[in-house]
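# Understanding the architecture of this molecule
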Amino acid sequence: MPLSQEKIEVFQTCEEMLHFSHKTRAAGKKIGFVPTMGALHDGHLSLVRQSQSDTDLTVVSIYVNPTQFAPEEDLSKYPRPFERDLELLQELGVTHVFAPSDDVMYPKMTVESETGYGGTLVHPPEVAKSFEGQRRPTHFQGVATIVLKLFNAVQPDIAYFGQKDFQQTLVVEQMVKDLNLPVKIQVCPIVREESGLALSSRNVYLSDSDKTQALAISQCLHEAENMIRAGQTRREVIENKMQAILQAADIQNIDYATVACAQTLGQPDEIKTPAVCLVAAYVGNTRLIDNIVIEKLT
Ligand code: AMP
């Protein structure tokens, strides 16, 4: 694809962003929106491409949202290669980026509170409670809050999210329904390395041997999928197999390796489709998540 000649316009305040969105929508153009925390890879870029093929104008946000990180997590060391991100987006022909500062998004952040932010937060729906929500209790509150704030600034017609963060897509879809937000949510497939490893901004933390070890994550998901497609319905049997594959690769620190209903994340003993196989585990000090969705088997 040729390098776009058009320079990217970077909006830093909600007012600038909103002004542009109003103008764009008034001109009858459909806005696609890809929210990211930067450190862009082909997974992010696949969302951008999808948006570009569906809509008239794509806005990408780059913002490392502090309220979705717990105090012991990697907020300060999260990769922020901003100039390179802009170059990648420019190569794709993206013309508009929203990159606000913390002061813009959370102006009251200096107020003492549990999250370090004294302002309004979105209480996430029930589907946020298990899995990521159980291990990272304030995570989805932070996600829902920033997604709503970004939607309000960008005013998109369609917003693009990756299946990579499967539970996040359920939380956002439910929030959109519950709060009557006028935006369509489009979930896009997981982009993987040839080896099967799901692309993630956090993969930069992995050494070569970590990467080899991490392959067991996608392998155990594939095995779980095969078992379900072959007719296995007992959750315990599937989980045991997943755990065994991870442990054989010496992945010891497993938050969950399991299967759930893909609509509710409920976990009956007998699994029905659509189902989602989910893993969160540490490889070295890096926490990786991945999943496979098995649509309804006929
Ligand atoms: P992040 O920058 O990690 O917040 O991710 C921004 C968006 O990119 C989210 O909707 C993610 O689910 C999506 N994403 C991250 N990794 C991948 C991947 N490997 N394939 C597809 N989408 C992804």
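Residues numbered from 1 in each chain as written. Predicted model: local features only at pLDDT ≥ 70, side-chain atom pairs only at ≥ 80, totals over all residues. Heavy atoms only, no water.

## Examining the overall build of the protein
Short version of the rule: Counting from the N terminus, the helices are DSSP H or I runs at least four residues long and the strands are E runs at least two residues long. Radius of gyration: C-alpha atoms only; globule rule: 2.2 Å multiplied by the number of residues to the exponent 0.38. All accessibility values rest on the Shrake-Rupley procedure with a 1.4 Å probe; residue burial counts only the protein chains present in the view. Neither His nor the chain ends contribute to the count of charged residues, in which Lys and Arg are positive and Asp and Glu negative. Lys charges are placed at NZ, Arg charges at CZ, Asp charges at CG and Glu charges at CD.
If you tally the helices and strands in the protein, you get nine helices and nine strands. Expected size for 298 residues packed as a compact globule is a radius of gyration near 19 Å; at 20 Å, the protein falls within 12% of this value. Along the three orthogonal principal directions, the C-alpha set of the protein runs to about 55 × 50 × 40 Å. Summed over all atoms, the accessible surface of the protein reaches about 14,500 Å², with 49% contributed by carbon and sulfur. For the protein, the separation between the mean place of its 27 positive charges and that of its 38 negative charges on side chains is 4 Å.

## Remarks on the site of the ligand
So the rule is basically this: The near set for a molecule or strand comprises every residue that places at least one heavy atom within 4 Å of it. Each residue is assigned to one class: nonpolar for Ala, Val, Leu, Ile, Met, Phe, Trp, Tyr, Cys and Pro, charged for Asp, Glu, Lys and Arg, and polar for all the others, Gly among them.
The immediate surroundings of the ligand are formed by 16 residues, with Met37, Gly162, Asp165, Val191 and Leu199 found nearest. Surface burial for the ligand is 92%, taken as the share of its 480 Å² of free accessible area covered by protein chains. Looking at the shell around the ligand, the elements with two or more residues in it are strand S2 (31–36), helix H2 (42–54) and strand S5 (158–162). Looking at the shell around the ligand element by element, the count peaks at three residues for H2. Its residues assigned to classes, the shell around the ligand shows eight nonpolar, six polar and two charged.

## Section: the environment of Ser53
Applied cut-off: Here a polar contact is recorded for every N or O atom pair within 3.5 Å, except that within protein the pair must consist of a potential hydrogen donor and a potential acceptor, and residues adjacent in sequence are included only if both atoms are side-chain atoms.
For Ser53, the position within the fold is in helix H2. Sequence spacing of Ser53 and Gly32 is 21 residues, and the spatial spacing of their C-alpha atoms is 9.5 Å. A polar atom in the side chain of Ser53 sits 3.4 Å from the side chain of Asp54.

## A few points about empty space enclosed by the protein
Spelled out, the test is: Method remark: on a 1 Å grid restricted to protein atoms, a set of points is classed as a cavity if a 1.4 Å probe fits but cannot get out and as a pocket if it is open with protein on both sides within 12 Å along at least five of seven lines; lining residues have an atom within 4 Å of a point. Grid points are joined across faces, edges and corners, and a volume is the space filled by probe spheres set on the points.
On inspection of all chains with the given rule, the structure shows one cavity of 30 Å³ or more. Put simply, the largest cavity is a space of about 70 Å³. If you trace the largest cavity, you find it lined by Lys164, Gly196, Leu197, Ala198, Ser200, Asn203, Ala214, Ile217, Ser218, Leu288, Ile289 and Asp290. Counting only elements with at least two residues in the lining of the largest cavity, the list comes to helix H8 (208–229) and strand S9 (286–294). Looking at the lining of the largest cavity residue by residue, the class counts come to six nonpolar, four polar and two charged.

## Brief notes about the side chain of His44
Where we set the bar: For every residue, the accessible area (1.4 Å probe, protein chains only) is compared with the maximum for its type, and the residue is labelled buried under 20%, exposed over 50%, or partly exposed between those bounds. For this analysis, residues touch if any pair of their heavy atoms sits within 4.5 Å.
Summarising the element assignment, His44 is placed in helix H2. The exposure class of His44 is buried, given its relative accessible area of 14%. When neighbours within four sequence positions are excluded, His44 is seen to be in contact with Val34, Thr36, Gly38, Ala39 and Ser201.

## With respect to the sheet that holds strand S4 (residues 96–98)
How we decide: Pairing between two strands is assigned when DSSP locates at least 2 bridges connecting them. Lines fitted to C-alpha atoms define the axes here, with helix axes fitted over just the stretch in contact, and angles between the N-to-C directions of these axes take values from 0 to 180 degrees.
Read across the sheet, six strands follow the order S1-S4-S3-S2-S5-S6 without closing on themselves; strand pairing throughout is parallel. Since the sheet does not close on itself, it has two edges, and those belong to strand S1 (9–11) and strand S6 (184–188), each with one partner. If you compare each strand with its neighbour and ignore which way they point, the axes differ by 25° on average. Sheet topology places S2 next to strand S3 (residues 57–62); six bridges connect them, and they run parallel. When the sheet's bridge partners are listed, Ile31 is paired in S3 with Leu57. On top of the sheet, helix H6 (residues 139–154) reaches S2, S3, S4, S5 and S6; it is set at about 145° to S2, its chief contact.

## Brief notes about the pairing of S2
For the record, the criterion: Whether a crossover is right-handed comes down to one check: with the strands pointing away from the viewer, does the path from the first strand over the helix to the second run clockwise; if it does, it is right-handed.
With six of its six residues buried, S2 lies for the most part within the structure. Burial along S2 is two-sided: the face carrying Ile31, Phe33 and Pro35 and the face carrying Gly32, Val34 and Thr36 are both buried. Traced from S2 through H2 to S3, the parallel crossover comes out right-handed. As paired strands, S2 and S5 are joined by two bridges and run parallel to one another. Bridge pairing in S5 links Gly32 to Ile158.

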